[in-house]
Amino acid sequence: MSYEFILTRTEGRVGIVQLNRPKALNALNKGLMSELVEALTAFDADNEIGCMLITGNERAFAAGADIKEMATATPVTMLASSFLNYWAQIGQLGKPLIAAISGFALGGGCELAMACDMIVASESAKFGQPEINLGIIPGAGGTQRMTLAVGKALAMEMILNGRYLSAEEAAQFGLVNRVVPVETYFEDALSLAAEVAERAPVALRMAKEAINAVFEMPLQAGLNHERRLFNILFSTEDQKEGMDAFINKRKASWKGH
Ligand code: DAK
């Protein structure tokens, strides 16, 4: 499949999407977001794919929603627009999704990163929600997900005063999984994705769902949800395979059912 604003490829069981509007620092226009969701949805449905990876380029993951496209919008066109749905659709993908980030991850680009399950950041990565400089606020989850990730004090400073987080700070506050050299950030993220992609597929989905429930449910409801997902896994062949492989000291061969 060929796209206008993204590049896609696979490496083993990893489905890779590269945002590809380098001259606009990968600003997220409607076309790019629509293609991104289409490509990720296709990988999510493909049994040969175990994990997905999104990246940009060394200078920018994405510098936000496309300001030029958004400049003349009205509340009515915003309401009618399906733009926000793209972030929601990405948040609802079943398979693990990892972001490999270098350079700017701003506004909607930072919100896209936070909709991913793990983030590998290069030393040059910069995370920010600078919408205040445009007379708006984050609209695709930034006020919520950033506050959950880094806490109220820092989220207030970032969103009310446009403060960026360096990669090191992002790691310190738990926004990213690891910080690695610029030269290797993509390969490092790919090897993490490749490891995850080899794990039991149904258990991966359930683990992701259970962790994300933390943000939706009170503790007891989350514990009950986890227990139900845990019990369901005993109906899979992979559970029998995984435990048999352990007992017989061999490598498990996952079937994905
Ligand atoms: N949109 C469009 N073009 C952008 C862009 C953006 N967000 N960011 C950069 N560009 C373009 C620049 O216009 C420039 O294009 P030309 O002028 O060369 O044609 C090119 O990329 C290179 O940028 P600069 O020349 O500015 O490069 P610098 O290195 O000097 O500066 C920068 C890099 C990242 C600091 C700067 O470009 C910048 O501040 N960019 C804007 C960052 C920003 O404010 N991001 C937040 C955007 S608002 C919604 C939900 C969410 C959203 C919207 C709707 N719904 C619920 C419907 C999200 C909103 C946002 O993300």
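In case you missed it, the structure is sitting above this.
These figures come from a predicted structure and were not determined experimentally.

Reading the values: the criteria
- Residues numbered from 1 in each chain as written.
- Predicted model: local features only at pLDDT ≥ 70, side-chain atom pairs only at ≥ 80, totals over all residues.
- Heavy atoms only, no water.
- Helix = DSSP H or I, 4+ residues; strand = E, 2+ residues; numbered from the N terminus.
- Expected span 1.5 Å × (residues − 1).
- Buried < 20%, exposed > 50% of the residue type's maximum accessible area, 1.4 Å probe, protein only.
- Contact = heavy atoms within 4.5 Å.
- Polar contact = N/O pair within 3.5 Å; in protein donor to acceptor, adjacent residues only side chain to side chain.
- Near = heavy atom within 4 Å.
- Pairing = 2+ DSSP bridges.
- Axes fitted to C-alpha atoms, helices over the stretch in contact; angles between N-to-C directions.
- Phe/Tyr/Trp six-rings, centres within 6.5 Å; stacked < 30°, edge-to-face > 60°.
- Lys NZ or Arg CZ within 6 Å of the ring centre and 35° of its normal.
- Patch = residues over 30% accessible without salt bridge, like charges linked within 9 Å, V, L, I, M, F, W, Y side chains within 5 Å.
- Areas by Shrake-Rupley, 256 points an atom, 1.4 Å probe, with all protein chains shown as cover.
- Salt bridge = Lys/Arg side-chain N within 4 Å of Asp/Glu carboxyl O.

**Details of helix α10 (residues 201–212)**
Taking 1.5 Å as the rise per residue, α10 with 12 residues should run 16 Å; its terminal C-alpha atoms sit 17 Å apart, in good agreement. Inspection of α10 places V202, L204, M206 and K208 among the buried residues, and these make up the whole buried set. Structurally, α10 contributes buried residues whose contacts are with β5 (97–101), α9 (185–197) and α11 (219–233).

**A closer look at the side chain of R21**
The topology assignment puts R21 in the loop between β2 (14–19) and α1 (30–44). Within polar-contact distance, the side chain of R21 engages the side chain of D66 at 2.8 Å. Excluding anything up to four places from it in sequence, R21 contacts F5, N26, A27, N29, L32 and D66.

**A look at the site of the ligand**
Taken together, 26 residues surround the ligand, and among them R59, A63, A65, I67 and G108 come closest. In this structure, an oxygen atom belonging to the ligand sits 3.4 Å away from a main-chain N or O atom of K23. Measuring from a nitrogen atom of the ligand, one finds a backbone N or O atom of I67 at 2.9 Å. At the level of secondary structure, the elements contributing two or more residues to the shell around the ligand comprise α2 (67–70), α4 (83–91), β6 (104–106) and α5 (108–114). Counting residues per element, the shell around the ligand draws most heavily on α2, which supplies 3 residues.

**Let's talk about the sheet that holds β5**
Paired through their backbone hydrogen bonds, the strands of a sheet run either parallel or antiparallel. An order of β1-β2-β3-β5-β7-β10 is seen for the 6 strands of this open sheet, with the pairing classed as mixed. The open sheet has two edge strands with one neighbour each: β1 (6–11) and β10 (178–180). Each strand axis lies, on average, 20° off the axis of its neighbour in the sheet, ignoring direction. With respect to the sheet, α9 is in contact with β1, β2, β3 (51–55), β5, β7 (118–122) and β10, its orientation differing from that of β3 by roughly 165°.

**Quick notes on the packing of aromatic side chains**
For the coordinates displayed, the defined rule picks out 3 aromatic pairs. When the centroid spacing of 5.0 Å and the interplanar angle of 75° are considered together, the rings of F83 and W87 count as edge-to-face. Placement of both F83 and W87 in helix α4 is noted, with a separation of 4 residues, approximately one turn of the helix. For the pair F83 and W87, one class covers both residues: buried. The cationic tip of K126 hangs over the ring face of F104; the distance from NZ or CZ to the ring centre is 5.2 Å.

**Let's talk about a nonpolar patch on the surface**
On the surface, a nonpolar cluster with roughly 590 Å² of combined accessible area is contributed by F230, F234, M243, F246 and I247. Of the residues forming the nonpolar patch, the biggest block, 3 residues, is contributed by helix α12 (residues 237–247). You can see M243 is positioned in helix α12.

**A look at the sheet that holds β6**
Spatially, 4 strands are ordered β4-β6-β8-β9 in an open sheet, and the strand pairing comes out mixed. The open sheet has two edge strands, β4 (60–62) and β9 (165–166), and neither has a second partner. Here strand β8 (residues 126–128) runs beside β9; their pairing, made up of 2 bridges, is antiparallel. What sits directly across from K126, in β9, is S166.

**Regarding the pattern of salt bridges**
On inspection of all chains with the given rule, the structure shows 8 salt bridges. K208 serves as the salt-bridge partner of D117, at 2.8 Å between the closest nitrogen and oxygen. Linking D117 in the loop between α5 and β7 with K208 in helix α10, this pair joins segments that are 91 residues apart in sequence. Several salt bridges converge on common partners, so that one network encompasses E157, R163 and E169.

Any functional reading would require information beyond the geometric quantities listed.
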